[in-house]
Amino acid sequence: MSAGKIPFVDLGQQYQALKSEIDAAVTAGMSRGDFILGEDVAAFEREFAAFCRAEHCIGVSDGVDALQLALRVLGIGPGDEVILPTHTFIATALAVWQAGAKPVLVDVDPRHYTMDPEATARAITSRTKALMPVHLYGQPADMDPLLDLARKHKLSVVEDAAQAHGAEYKGRRCGTLGDVGCFSFYPGKNLGAYGDAGGITTQRGDLANQLRILRNYGQQPKNVHPLKGFNSRLDNLQAAILRVKLRRLEGSNGYRRSAATRYGELLRDSKVHTPATAPYAKHVWHLYVIETDNRPAVQAALDAAGASHGVHYPTPVHLHEAFRDLGYGRGSFPVAEALTPRIVSLPIFPEITEDQLQRVATACRSV
Ligand SMILES: *Cc1c(COP(=O)(O)O)cnc(C)c1O
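What you see is a predicted model, and the numbers here were worked out from it, not measured in a lab.

A.B. asks: Even after reading the chapter, I still don't get helix H6 (residues 143-153), so can you show me in this structure?
C.D. replies: Residues lying three or four places apart along an α-helix face the same way, a consequence of the helix completing one turn every 3.6 residues. Taken as a whole, H6 has its buried residues at Met143, Leu146, Leu147, Leu149 and Ala150. Projected onto a plane normal to the axis of H6, the buried residues spread over an arc of 155 degrees and lie on a single side. Seen from the open side of H6, the exposed residues pointing more than 90 degrees away from its buried face are Arg151 and Lys152. Once H6 ends, the next one or two residues include Lys154, with phi positive near 55 degrees.

Have a look at this one:
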């Protein structure tokens with residue numbers, strides 16, 4: 001067996017490769033004394049909007065704030081319901097609660113793990129104000145049927161694109177399909193800062209203006225407060241780092257795609273189920289999630305091979321203690337409940353080598 005642990009993501013190695021550019025970008029910002037809503041924030045917002053082919057980007061402090069602020073500018077709050085999938089990171093649901101609205105959960109499609117449009121249609125009530133699809137693992141949700149429902153029932157659409165920087169649905173970038181797209185730049189995401197960071201994309205100028213006011217104490221211009229707001233600004237040093245990494249994003253997403261293709265080949269005709277790419281999707285492989293009938297054995301084999309692994313996510317939102325008050329229970333969402341004990345996330349990151357991919361696949365096949 002080849003030596004060396006296989007990390008889940010290798011942020012240290014990535015920094016070494018970009019060190020001179022990152023250090024120069026950070027030092028330049030500090031030398032200018034440009035820390036809050038500085039030059040790099042404005043430049044990153046332009047550059048990330050261009051990358052997404054969006055009209056506007058507003059930098060905010062993190063992904064959950066992006067979602068929360070998006071709901072607020074859409075006028076969603078107490079008494080309103082927002083529909084989202086139960087199989088997601090809990091932050092999606094927390095954002096709805098933070099905005100004062102009620103999360104209404106739906107099950108996911110068993111093949112692609114994203115929000116099931118038929119279940120969504122059944123969950124719409126007179127109080128529903130928005131749909132919040134999640135482009136989970138880097139694969140877009142099936143947006144056309146969701147956008148049809150939104151048009152028919154006059155609902156807003158907030159995309160949780162925290163795992164989908166650069167992903168496309170029928171040729172359109174995630175973050176430009178609904179009213180608002182919300183991104184996290186948490187370090188381990190496909191585009192990651194060196195701390196918390198987030199961004200919001202939109203085609204609508206009215207929402208962009210309000211979001212710029214809302215993230216900065218509801219202020220515009222200085223000392224004038226048309227709205228009650230938040231301190232939720234993208235940090236200028238993080239923006240400087242993100243600008244360096246954004247220049248590599250297309251390339252690093254390409255490396256992830258090659259790694260995913262290679263896993264597919266190496267695991268063909270094995271006992272583990274490899275993830276399906278939908279015909280409408282350009283997948284960016286934030287995570288490579290397999291299904292297995294014997295998760296403990298696959299996890300043990302990966303451990304023995306020195307390969308890191310994870311589970312995203314072991315518990316659907318409706319089974320967390322924190323959301324017990326929503327009134328769901330075991331049996332409420334059978335697809336998500338059947339899925340969560342079967343999934344394992346294998347290591348995938350742009351720098352992963354052929355040798356590492358083979359070691360992981362061999363470990364999976366040994367079960
Ligand atoms: C990471 C993530 C978030 C939250 O982003 P933070 O920047 O950590 O607040 C929200 N939704 C999904 C699907 C995520 O993966």
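A.B. asks: Please clarify how the packing of helix H3 (residues 63-73) against helix H7 (residues 205-214) should be interpreted in this entry.
C.D. replies: The description of two helices packed together rests on the angle between their axes and the distance between the axes. One way to put it is that H3 packs onto H7 with a least axis distance of 10 Å and a crossing angle of 120 degrees. In terms of axis orientation, H3 runs oblique to H7. In this structure, the crossing between H3 and H7 has a hand that is right-handed. Packed against H3, whose contacting residues are Leu69, Ala70, Arg72 and Val73, the element H7 presents Leu207, Gln210, Leu211 and Leu214 at the interface. Class assignment of the residues belonging to the contact of H3 with H7 gives a composition of 6 nonpolar, 1 polar and 1 charged.

A.B. asks: Can you walk me through the sheet that holds strand S4 (residues 128-131) in this structure?
C.D. replies: Pairing is mixed in the open sheet, where 7 strands are placed in the order S1-S9-S8-S5-S4-S2-S3. Looking at which strands have only one partner, the edges of the open sheet turn out to be strand S1 (56-60) and strand S3 (102-106). Ignoring which end each strand starts from, the neighbouring axes of this sheet average 25 degrees apart. As paired strands, strand S5 (residues 156-160) and strand S8 (residues 180-184) are joined by 3 bridges and run parallel to one another. Residue pairing in the sheet places Val158 in a bridge with Val180 of S8. Strands S1, strand S2 (81-85), S4, S5, S8 and strand S9 (198-202) of the sheet are contacted by H3, whose axis makes an angle of about 160 degrees with S8. Contacts between H7 and the sheet are confined to S1, S8 and S9, with S1 contributing the most and set at about 20 degrees to the helix.

A.B. asks: How do you make sense of unusual backbone geometry when you look at a structure like this?
C.D. replies: What is expected of a backbone is that most residues other than glycine have negative phi and most peptide bonds are trans. For the peptide bond that leads from Gln220 to Pro221, omega is -10 degrees, which places it in the cis range. Tracing the backbone through its elements, the reader meets Pro221 in the loop between H7 and helix H8 (236-266). Each neighbour pair has its own omega, and for His312 with Tyr313 the value is 10 degrees, a cis peptide bond. In this structure, Tyr313 sits in the loop between helix H9 (295-304) and helix H10 (334-339). Unusually for a residue other than glycine, Leu37 sits at a positive phi of about 45 degrees. Look at Tyr137: it is not a glycine, yet its phi comes out positive at around 65 degrees. Its place among the elements puts Tyr137 in the loop between S4 and H6.

About the criteria used
Residues numbered from 1 in each chain as written. Predicted model: local features only at pLDDT ≥ 70, side-chain atom pairs only at ≥ 80, totals over all residues. Heavy atoms only, no water. Buried < 20%, exposed > 50% of the residue type's maximum accessible area, 1.4 Å probe, protein only. Helix = DSSP H or I, 4+ residues; strand = E, 2+ residues; numbered from the N terminus. Arc of directions from axis to C-beta. Axes fitted to C-alpha atoms, helices over the stretch in contact; angles between N-to-C directions. Parallel < 35°, antiparallel > 145°, perpendicular 65-115°, else oblique. Left-handed = near helix turned anticlockwise from the far one by under 90°. Contact = heavy atoms within 4.5 Å. Nonpolar A, V, L, I, M, F, W, Y, C, P; charged D, E, K, R; others polar. Pairing = 2+ DSSP bridges.

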